[in-house]
Structure formats: C-alpha cells, structure tokens
Amino acid sequence: MTEPRPFEMNRLVDYLQHYYRKGVFPFKPYTNWLTYSKKPSEYFNLREFAFIIDKDGEEVHLRYRSFNDAFEFEKELCRVSPHKLDLGAVYNYVPKEGRNRVDFRAMERELIFDIDLNDYDSVRNCCEGATVCGKCWKFIVVAVKILDARLKKDFGFTALLYVFSGRRGVHCWVGDAKARKLTNSARSAFAEYLTLFEGDKMDLKGKGRGKTIIHPMITDCYNVIMTAENGQLVKDMVIEQSYLEKEEDTLKDCKNPQLKEELQRIFTLSKPESRWQMICLKCDEKTWRSEREKLKDQPDKLKNLPEPPSDEYKLFLLQWVLSRLYPRLDVNVSTGVNHLLKSPFCIHPKTGNVAVPIDAQKVPYPIY
C-alpha cells in the first residue's frame with residue numbers, strides 16, 4: 001500500500017483547484033442529497049451556502065450564496081475554490097436575493113450533532129487539544145454507536161449521515177423531513193435529552209428517579225458501550241487510557257464503603273486486564289451471569305464467584321463508565337436552525353483531509 005503524501009499547507013490553493021475542477025468533488029450525489037427528491041427551484045435554491053476564502057491571511061466569509069441548480073453551484077464552486085465550504089439553512093426566500101427582507105427567515109435545516117475530541121481532554125490521557133491518535137479516536141467510535149442507537153431507537157430517524165470532520169471529530173446530519181422542520185426549541189429539547197454533561201461533570205438530571213432507578217435510555221447506552229465489539233472496545237479503552245492505574249482515581253466517586261473496600265483489593269492484581277475483569281464481575285450483571293454459565297459444571301470454582309451485583313454496585317459501574325465514555329456533544333451546533341456548519345466533502349484547510357461520510361457500524365480510523 002502506498003503511503004499518503006504529507007499535506008503541504010502552502011499548496012492548499014493548488015489542491016483545492018484540482019479537487020473542485022478535476023471532477024474529484026462528488027457534485028452529482030452531493031446536490032442530489034441536498035434536493036431531497038424535490039425540484040431545485042423548490043428547495044435547493046433556497047439553501048444558504050457560505051464560501052470561506054483566505055484574503056491576506058484572514059478568513060473572509062461570503063455568506064448567503066445560493067444557486068438555481070447543480071450546474072450553477074458547480075460552476076461557482078470551481079471558480080472560487082473556497083478554503084472551506086459551509087452549509088446553512090433552507091430559507092423562505094432565495095438567500096442571495098431575500099436576505100434584506102424583513103421577513104427573511106430560516107425554515108429548515110438538518111438536525112446536526114457535533115462530536116469533537118477537544119471536549120474529551122479531561123478523560124483522554126493519550127492526547128490533548130488538536131492531537132489525535134488511534135487510542136483516543138475510540139471515543140468517537142463509542143459516541144457514534146451511542147448516537148446512532150438513540151436516534152434510531154428513541155426517535156425513529158432513518159436518514160442519518162455521519163461525516164468525518166477532517167480533523168478530530170464527526171458530524172451527524174439527520175435528514176428526515178420531520179427532523180429538518182424542527183424549531184429551535186425542539187432542537188434544544190433533543191440536545192438536552194442526549195446530553196449528560198454540564199462542563200466536565202456528568203449530571204443525570206431528571207433522567208432517573210432515586211438512587212438506583214435510571215432512565216432506560218441511560219441503561220441502554222451503558223449496554224451499547226459494554227457490548228461493543230463483544231466487550232473488547234471498552235476493555236481496550238480502559239487499559240489504553242490507564243483508568244485503572246491509580247486506586248484513588250478509580251474509586252474517587254465510589255460512595256459505598258463496602259464496595260470501595262472490595263474494589264481496593266483488585267489493586268493487588270498487577271495487570272489492568274485482571275482488574276477490569278474483577279470490577280465487571282462485581283458490578284456488571286451480564287458479566288457475572290456469563291461467568292456463572294461458564295463455571296456451572298465446575299462447582300469448586302463456582303463457589304468462589306462473587307455474589308450477584310446489587311443495584312448499587314451496578315449503578316457505580318454504570319456511572320463510572322458513562323462519565324468517561326458517554327458522548328460529549330456541542331449543543332450549540334444542534335439548537336439553531338440557521339447555524340452554519342462545515343459541509344460534507346469539503347477539505348479541512350489545516351490537515352488536507354476530506355470530510356467524507358463514514359459507516360456508523362464500522363467507524364474507520366483516520367490517517368494522519
């Protein structure tokens with residue numbers, strides 16, 4: 001396999017011109033997507049495009065661009081070859097003509113979710129900031145699995161497009177008609193439902209009642225994480241992020257004295273793999289049941305199996321896992337109908353990577 005050539009930022013203009021003018025940009029499927037089976041004059045020409053160009057080292061945003069059809073869009077994109085291409089809302093008037101009208105307003109836009117590894121800096125120990133590696137990319141893999149499950153199971157959405165941002169994250173574009181027509185307040189409600197964090201602190205808010213009764217959505221998210229790749233994904237992340245290296249970090253949120261005392265003993269085990277297995281045996285019911293099934297014909301070993309996990313023990317592991325691996329969403333991207341966002345298939349100007357769609361069931365690892 002040929003190694004990819006390193007990105008040369010000083011040649012970005014040449015790259016962009018080649019990308020747009022030599023038939024690399026997928027104009028036909030791209031414009032077909034944005035028409036949603038309607039005539040261009042009924043939908044596509046009402047969409048705002050924003051071209052971001054470089055002028056003497058400064059970004060200049062050319063907003064409210066709109067096009068009558070796919071041909072006009074292709075011709076202008078090739079002519080300008082912008083450094084970035086952003087997508088906006090569908091308006092009640094053609095944007096380039098109606099933006100000065102007093103009743104000019106955004107009518108529709110895809111419901112979008114933005115996941116960025118910057119927001120995981122408090123829980124990823126391998127990298128920080130703009131730096132990304134295969135270890136911390138697994139946070140994105142988990143986030144996509146959870147988001148995909150929630151959007152399909154809880155809301156019945158089917159038109160989901162996941163797009164690599166070009167650097168350190170993923171955008172999810174929900175294109176169902178009922179999603180595109182959501183008001184700002186409805187989008188805020190969706191974002192709030194899917195958000196468990198206020199800053200870096202997890203807060204289950206009204207998603208549970210009492211100490212051990214948790215909303216089924218929360219439980220299902222935990223199960224998605226624990227069963228992904230037959231449990232190997234979460235195990236790898238726990239080990240790679242060194243979550244079980246220090247006793248005080250592992251148990252700092254454990255409020256049950258008995259459980260804390262029991263878990264302190266796992267640190268006599270030298271390997272983090274063994275520590276993780278023991279925590280799961282004590283606190284995860286599926287792991288406990290699986291182990292009991294394995295040992296059912298070995299009574300001498302079966303008698304050493306811990307007691308079934310209590311609700312409080314299960315709650316500890318659920319909170320411990322979700323506080324580290326649950327998706328951290330940029331709520332501002334989701335809530336505004338007229339919010340601009342980087343378009344699929346544009347080139348990230350700092351990495352040279354293309355914002356390509358990805359398969360939610362098999363999220364690939366980007367090459368840097």
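Rules and cut-offs
- Residues numbered from 1 in each chain as written.
- Predicted model: local features only at pLDDT ≥ 70, side-chain atom pairs only at ≥ 80, totals over all residues.
- Heavy atoms only, no water.
- Pairing = 2+ DSSP bridges.
- Helix = DSSP H or I, 4+ residues; strand = E, 2+ residues; numbered from the N terminus.
- Core = buried A, V, L, I, M, F, W, Y, C linked by side-chain atoms within 4.5 Å.
- Buried < 20%, exposed > 50% of the residue type's maximum accessible area, 1.4 Å probe, protein only.
- Phe/Tyr/Trp six-rings, centres within 6.5 Å; stacked < 30°, edge-to-face > 60°.
- Lys NZ or Arg CZ within 6 Å of the ring centre and 35° of its normal.
- pLDDT = per-residue confidence, 0-100.
- Arc of directions from axis to C-beta.
- 1 Å grid on protein atoms, 1.4 Å probe; cavity = no way out; pocket = protein on both sides within 12 Å on 5 of 7 lines; lining within 4 Å.
- Points joined across faces, edges and corners; volume = space filled by probe spheres on them.
- Nonpolar A, V, L, I, M, F, W, Y, C, P; charged D, E, K, R; others polar.
- Salt bridge = Lys/Arg side-chain N within 4 Å of Asp/Glu carboxyl O.

**Student:** What am I meant to see in the sheet that holds strand β7 (residues 169-174) here?
**Tutor:** Through backbone hydrogen bonds, the strands of a sheet pair up, either in parallel or in antiparallel fashion. Reading across from one edge, β5-β7-β6-β13 is the order of the four strands in this open sheet, with antiparallel pairing throughout. Each edge of the open sheet is held by one strand with a lone partner, namely β5 (111-116) and β13 (357-358). One ladder, built from two bridges, connects strand β6 (residues 160-164) with β13; its direction is antiparallel. From the neighbouring strand, Val 163 faces β13, where its bridge partner is Pro 357.

**Student:** Teacher, can you tell me more about the nonpolar core here?
**Tutor:** Among soluble globular proteins, nonpolar side chains are generally buried collectively. Grouped together as the largest cluster of nonpolar side chains are 73 residues, with contacts concentrated most on Leu 151, Tyr 162, Trp 276 and Leu 322. By residue number, the principal contributor to this core is helix α5 (residues 137-153), which donates eleven residues.

**Student:** Please clarify how the environment of Asp 330 should be interpreted in this entry.
**Tutor:** Looking at where Asp 330 falls in the secondary structure, it is placed in the loop between α15 (311-325) and α16 (331-335). A residue is classified by how much of its surface remains accessible, and Asp 330, at 28% relative accessible area, is partly exposed. In this structure, the C-alpha to C-alpha distance between Asp 330 and Met 278, residues 52 residues apart in sequence, is 35 Å.

**Student:** When you look at the packing of aromatic side chains in this model, what are you seeing that I'm missing?
**Tutor:** The description of two aromatic rings rests on the distance between their centres and on the angle between their planes. Counted by the stated rule, this structure contains 30 aromatic pairs. Considering the side-chain rings of Tyr 64 and Phe 104, the 5.9 Å spacing of their centres and the 65° angle between planes classify their relative orientation as edge-to-face. Within this pair, whereas Tyr 64 is found in strand β2 (residues 58-65), its partner Phe 104 is found in the loop between α4 (95-98) and β4 (106-108), the two being separated by 40 residues in sequence. The exposure class assigned to Phe 104 is buried, which follows from its relative accessible area of 14%. With a centroid separation of 6.1 Å and 85° between ring planes, the pair formed by Tyr 243 and Trp 320 is classed as edge-to-face. In this pair, Tyr 243 sits in the loop between α9 (232-240) and α10 (247-251) while Trp 320 sits in helix α15, placing the two residues 77 residues apart along the sequence. Residue Trp 320 is classed as buried on the basis of its relative accessible area, which comes to 5%. Positioned above the aromatic ring of Tyr 93, the side-chain terminus of Arg 101 is 4.0 Å from the ring centre. Here the guanidinium or amino end of Arg 180 rests over the ring plane of Tyr 36, the centre of that ring lying 3.8 Å away.

**Student:** I'm lost on the confidence of the model for the protein in this one. Help?
**Tutor:** In regions of low pLDDT, the predicted coordinates are not meant to be interpreted in detail. Summary statistics for the protein give a mean pLDDT of 89 and a share of 94% for residues scoring 70 or more. Per-residue pLDDT, averaged within each element of the protein, yields its smallest value for strand β10 (residues 208-209) (48) and its largest for helix α6 (residues 177-180) (97).

**Student:** In this structure, what is going on with the pairing of strand β1 (residues 47-55)? I would like to understand it.
**Tutor:** For a regular strand, the rule is simple: side chains alternate between the two faces of the sheet. With five bridges connecting them, β1 and strand β3 (residues 84-91) associate as antiparallel partners. Pairing of Phe 51 across the sheet is with Leu 85, part of β3. Bridge count between β1 and β2: six bridges; the pairing is antiparallel. If you follow Asp 54 over to β2, its bridge partner there is Glu 59. Linking β1 to β2, which pair antiparallel, is a turn of two residues; within it Asp 56 sits at a positive phi near 55°.

**Student:** How should helix α2 (residues 27-35) be read in this particular structure?
**Tutor:** Working note: α-helix, 3.6 residues per turn, so residues spaced by three or four point in the same direction. By the burial criterion, the buried members of α2 are Phe 27, Tyr 30, Thr 31, Leu 34 and Thr 35. End-on view of α2: buried residues confined to an arc of 130°, all on one side of the axis. α2 presents Lys 28 and Pro 29 as exposed residues on the side facing more than 90 degrees away from its buried surface. Phi turns positive, to about 50°, at Tyr 36, one or two residues after α2.

**Student:** Just checking my understanding: could you explain the layout of surface pockets for this structure?
**Tutor:** Space left empty within the atom packing is revealed by a probe, the size of a water molecule, rolled over the atoms. By volume, the largest pocket amounts to about 870 Å³. Counting residues per element, the ones that place at least two in the lining of the largest pocket are β9 (201-202) and α15. By residue number, the principal contributor to the lining of the largest pocket is α15, which donates seven residues. Of the residues that constitute the lining of the largest pocket, the class distribution is ten nonpolar, seven polar and 13 charged.

**Student:** Can you help me understand the pattern of salt bridges in this one?
**Tutor:** Close approach of charged atoms allows side chains with opposite charge to pair. Within the structure shown, the criterion is met by 21 salt bridges. Residues Glu 108 and Lys 181 are paired through a salt bridge, measuring 2.9 Å at the closest nitrogen-oxygen approach. One end of the pair, Glu 108, is in strand β4; the other, Lys 181, is in the loop between α6 and α7 (184-194), and 73 residues separate them in sequence. For Glu 108, a relative accessible area of 10% corresponds to the buried category. Lys 138 is the partner of Glu 240 in a salt bridge, and the nearest nitrogen-oxygen pair spans 2.9 Å. Of the two residues, Glu 240 sits in helix α9 while Lys 138 sits in helix α5, which places them 102 residues apart along the sequence. When salt bridges that share partners are traced, they join Arg 150, Lys 153, Asp 154 and Asp 220 into one network.

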